[in-house]
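Here is how the chains run, residue by residue.
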Amino acid sequence: MLFRISYLFPLTQLAICVSALSWNFDEAIISITGKAGSRQAFKDKYAACKIDSNRTDYVLTASTNRLSDHVPLAKPVLLGDSDTLKIIFTATNDGIAKRPHQAFLLLRDQDTGVETAFVSSFKGNGRGKVEFVHIPSLLLQSSQPLRATFLIGSFGESQAFRNHVFNLEVLTDQGPSTKYEKPLRYGRRDEINHIFRPAPRSGPILLSAFFTLTIVATVHVLFASWIYLGANLSHLPSSLKIAPLSHTLFYGSILMIEVVFFFYYYKWKLFQLLPSVAILGFIACLSGPKALSEVQGRRLAGER
């Protein structure tokens, strides 16, 4: 039992060490390049000095300029309108310089909670850089310095790093900031009640008159064709006597189709016309062959 415990103890220590692996940064230097091309480094103490007659800059009085991974800078970093903020650092994993999968600087408005991120660029040895000039206008509305947080992480078991490193105060020469306007968002809108004009109850008068005259002009052609083909109304009683149902349904369906078209012109809509014509057309197709067979039988018998 003692032999097993002696082996389990170093294994337990190894597991604790593996679980304690975490990302961090080292040798982080923050600097600002102003309009005059001078570089200012920031840490805890600042002194105001005149670079030219129109500008006051803040420079570090201490000799070191490194960011701490656990304590933010005591005073906010001051950034002018056209200044460039640059942070050079080395990402480490368990104290060893290594390139992470993701690392960026997060600026947060302490009034509204709005955030923006600036992604870090890296070299193969874990040396990274964050550099930016312009900050989104929405963050310029804040009444407090922006909270700057470093985030470093990657795949694997190592714990990601996230910590507040400094505060950033943006100095603008544009006077009072403009009021923020909410951007357009696509979503639910108020209901719109639109009144459409009534649908036309009949077709255009000129078009209707043209087709009416066309149909009337062909009526005499229809009667002439009946006389030429030997139509004889005197055979109607015998036809109805031999096949009353077929003839009644066939001629009745044709007549009703004409009535349906009249109602469509006068009042009905298309979706009322189509079912009616489909039903009447189906009846005509079923009864028509039997009615025409009866007529053919009388023709073969020499009655016509």
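For the structure, see preceding data.
The shown structure was predicted, so the numbers you read here are calculated from the model rather than taken from an experiment. (Residues numbered from 1 in each chain as written. Predicted model: local features only at pLDDT ≥ 70, side-chain atom pairs only at ≥ 80, totals over all residues. Heavy atoms only, no water.)

**As for the overall build of the protein**
Spelled out, the test is: A run of DSSP states H or I qualifies as a helix once it reaches four residues; a run of E qualifies as a strand once it reaches two. Both are numbered from the N-terminal end. Under the scheme applied here, a residue whose accessible area is under 20% of the maximum for its type counts as buried, over 50% as exposed, and between as partly exposed, the area being computed with a 1.4 Å probe on protein chains only. Contact criterion: two residues are considered in contact whenever any of their non-hydrogen atoms come within 4.5 Å of each other. Shrake-Rupley sampling with a 1.4 Å probe provides the accessible areas, and residues are treated as covered by the protein chains on show and by no other component.
Each helix and strand counted, the protein has 6 helices and 13 strands in total. Counting the 304 residues in the protein, one finds 26% classified as buried. Sequence-distant contacts in the protein: of pairs separated by 6 or more residues, those separated by 24 or more amount to 67%. Entry remark: accessible area of the protein is about 22,100 Å², with carbon and sulfur atoms responsible for 62%.

**Quick word on the pattern of salt bridges**
Where we set the bar: Definition used for salt bridges: Asp or Glu carboxyl oxygen within 4 Å of a side-chain nitrogen of Lys or Arg.
Counting across every chain of the model gives 3 salt bridges. When the shortest N-O distance is used, the salt bridge between arginine 127 and glutamate 27 registers 3.3 Å. Here arginine 127, found in strand E11 (residues 127-132), pairs with glutamate 27, found in strand E1 (residues 23-33); they are 100 residues apart in sequence, far enough to count as distant. Accessibility expressed as a relative area gives 26% for arginine 127, which makes it partly exposed. For the salt bridge of glutamate 115 with arginine 108, the shortest nitrogen-to-oxygen distance reads 2.8 Å. Residue classification places arginine 108 among the partly exposed residues on the basis of a relative accessible area of 35%.

**Some remarks on the pairing of strand E13 (residues 161-170)**
Applicable threshold: By the convention used here, strands pair only if DSSP detects at least 2 bridges between them.
As defined by bridge partners, strand E5 (residues 77-79) adjoins E13 across 3 bridges and the pair is classed as parallel. Bridged to leucine 78 within E13 is glutamate 169. Pairing of strand E12 (residues 146-153) with E13 involves 7 bridges; the strand directions are antiparallel. Bridged to leucine 146 within E13 is leucine 168.

**Focus on unusual backbone geometry**
Of note in this structure, glutamate 27 is not a glycine but carries a positive phi near 55 degrees. Take glutamate 27: its relative accessible area is 38%, and that puts it in the partly exposed class. You will see that aspartate 94, though not glycine, has its phi angle at about 60 degrees, which is positive. With respect to the element layout, aspartate 94 can be found in the loop between strand E6 (84-93) and strand E7 (96-97).

**A short note on the packing of helix H2 (residues 205-217) against helix H3 (residues 219-229)**
Inclusion rule: Each axis is a line fitted through C-alpha atoms, taken for helices only over the stretch in contact, and angles between the N-to-C directions span 0 to 180 degrees. Here the angle decides the label: under 35 degrees means roughly parallel, over 145 means roughly antiparallel, 65 to 115 means roughly perpendicular, and every other value means oblique. Note on residue categories: nonpolar means Ala, Val, Leu, Ile, Met, Phe, Trp, Tyr, Cys or Pro, charged means Asp, Glu, Lys or Arg, and polar means any other residue, Gly included.
Running from amino to carboxyl end, H2 crosses H3 at an angle of 25 degrees, the nearest separation of the two axes being 4 Å. Regarding the angle of H2 to H3, the classification is roughly parallel. Here Ile215, Val216 and Ala217 of H2 lie close against H3, whose contacting residues are Val219, His220 and Val221. Looking at the contact of H2 with H3 residue by residue, the classes come out as 5 nonpolar, 1 polar and no charged.

**Observations concerning a nonpolar patch on the surface**
Threshold: A patch consists of residues exposed above 30% relative accessible area that lack any salt bridge, with like charges linked at up to 9 Å and nonpolar side chains (Val, Leu, Ile, Met, Phe, Trp, Tyr) linked at up to 5 Å.
A cluster of nonpolar side chains, namely Leu255, Met256, Val259, Phe262, Phe263, Tyr265 and Tyr266, defines an oily patch on the protein surface of about 710 Å² accessible area. Assignment of secondary structure puts tyrosine 265 in helix H5 (residues 244-266). Judged by relative accessible area, tyrosine 265 falls into the partly exposed class, the value being 44%.

**What to know about the pairing of strand E9 (residues 115-119)**
Burial along E9 is one-sided: Thr116 and Phe118 are buried, while Glu115, Ala117 and Val119, pointing the other way, are not. Direction of pairing for strand E8 (residues 102-108) relative to E9: antiparallel, over a ladder of 5 bridges. Its bridge partner being in E9, leucine 106 is matched across the sheet by alanine 117. Where E8 hands over to E9, the hairpin turn is made up of 6 residues, of which glycine 113 adopts a positive phi near 85 degrees.

**Some remarks on the packing of H5 against helix H6 (residues 270-300)**
In plain terms, the rule: Crossing handedness: left-handed means the near helix sits turned counterclockwise from the far one by under a right angle, and right-handed means the same turn made clockwise.
Relative orientation of the contacting elements H5 and H6 amounts to 155 degrees, with a least axis distance of 7 Å. By the angle class used here, H5 and H6 are roughly antiparallel. The element H5 and its partner H6 pack so that their crossing is left-handed. Considered class by class, the residues forming the contact of H5 with H6 number 15 nonpolar, 7 polar and 2 charged.

**Things to note about the packing of aromatic side chains**
Just so we agree on the cut-off: A pair of aromatic rings is counted whenever rings of Phe, Tyr or Trp (Trp by its six-membered ring) have centres within 6.5 Å, and the orientation is called stacked for planes under 30 degrees apart, edge-to-face for over 60 and tilted otherwise.
Throughout the structure, instances matching the rule amount to 9 aromatic pairs. Seen from their ring centres, phenylalanine 25 and phenylalanine 150 are 5.3 Å apart, and the 40 degrees between their planes marks the pair as tilted. Here phenylalanine 25 is found in strand E1, whereas its partner phenylalanine 150 is found in strand E12, with 125 residues between them in sequence. Between phenylalanine 263 and tryptophan 268, the aromatic rings sit 5.5 Å apart at their centres with planes inclined by 25 degrees, giving stacked as the arrangement. Taking the relative accessible area as the measure of exposure, phenylalanine 263 reaches 35% and is therefore partly exposed. Counting every residue linked through ring pairs, the aromatic cluster contains Phe25, Phe89, Phe122, Phe150 and Phe161.

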